Amino acid sequence: MNSKTQAAMALFCTMTTACVPTTPHLDVEYGESLATLRAQQTLNPDAPMANANQPVSGLEARAARETMDRYFKSYAVPPTQYGTLNTAVGSQGAASSQQ
């Protein structure tokens, strides 16, 4: 074979391998671990159907609204930054002056 034929065959092989999925086994099982973990952590999978006629117990509407308002207002002012724990981190001068 001449060099042009060899180059064409190499190019052909390279181009055809680009279309092959590299993880066929993983693609088949994609999401299975999440579904398994979710099923293992569900105490009663039939709870929505069994409790369909029961009222929801929890906060009243006004209390829930006030709680959410207070929660959102807590982010209006940035939290105070305390630098006492990380003042000496990464500096050799601070570590040597403590000795």
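Residues numbered from 1 in each chain as written. Predicted model: local features only at pLDDT ≥ 70, side-chain atom pairs only at ≥ 80, totals over all residues. Heavy atoms only, no water.

### Here we look at the overall build of the protein
And step 1. Along the protein, the regular secondary structure elements total six helices and zero strands.
And step 2. Its helices and strands in sequence order give the protein the pattern α-α-α-α-α-α, from N to C terminus.
And step 3. Summed over its atoms, the accessible surface of the protein is roughly 9,900 Å², and 60% of this surface lies on carbon and sulfur atoms. (Helix = DSSP H or I, 4+ residues; strand = E, 2+ residues; numbered from the N terminus. Areas by Shrake-Rupley, 256 points an atom, 1.4 Å probe, with all protein chains shown as cover.)

### Section: a nonpolar patch on the surface
And step 1. Together, Met 68, Tyr 71, Phe 72 and Tyr 75 give the surface a local cluster of nonpolar side chains, amounting to about 490 Å² of exposed area.
And step 2. Structurally, Tyr 71 can be placed in helix H5 (residues 61-73). (Patch = residues over 30% accessible without salt bridge, like charges linked within 9 Å, V, L, I, M, F, W, Y side chains within 5 Å. Salt bridge = Lys/Arg side-chain N within 4 Å of Asp/Glu carboxyl O.)

### Overview of the packing of aromatic side chains
And step 1. In this structure the tally under the stated criterion is two aromatic pairs.
And step 2. Between Tyr 71 and Tyr 75, the aromatic rings sit 5.4 Å apart at their centres with planes inclined by 80°, giving edge-to-face as the arrangement.
And step 3. Note on Tyr 71: relative accessible area 43%, which makes it partly exposed.
And step 4. A network of ring pairs unites the aromatic residues Tyr 71, Phe 72 and Tyr 75 as a single cluster. (Phe/Tyr/Trp six-rings, centres within 6.5 Å; stacked < 30°, edge-to-face > 60°. Buried < 20%, exposed > 50% of the residue type's maximum accessible area, 1.4 Å probe, protein only.)

### Quick look at the pattern of salt bridges
And step 1. In the structure shown here, the tally under the stated rule is one salt bridge.
And step 2. Among the salt bridges present, the one from Arg 65 reaches Glu 66, with a minimum N-O distance of 3.8 Å.
And step 3. Judged by its relative accessible area of 36%, Glu 66 falls in the partly exposed class.

### Quick look at the confidence of the model for the protein
And step 1. Here the protein shows a mean pLDDT of 79. Residues at 70 or above account for 76%.
And step 2. Between the elements of the protein, mean pLDDT differs from a low of 52, seen in helix H6 (residues 92-97), to a high of 91, seen in H5. (pLDDT = per-residue confidence, 0-100.)

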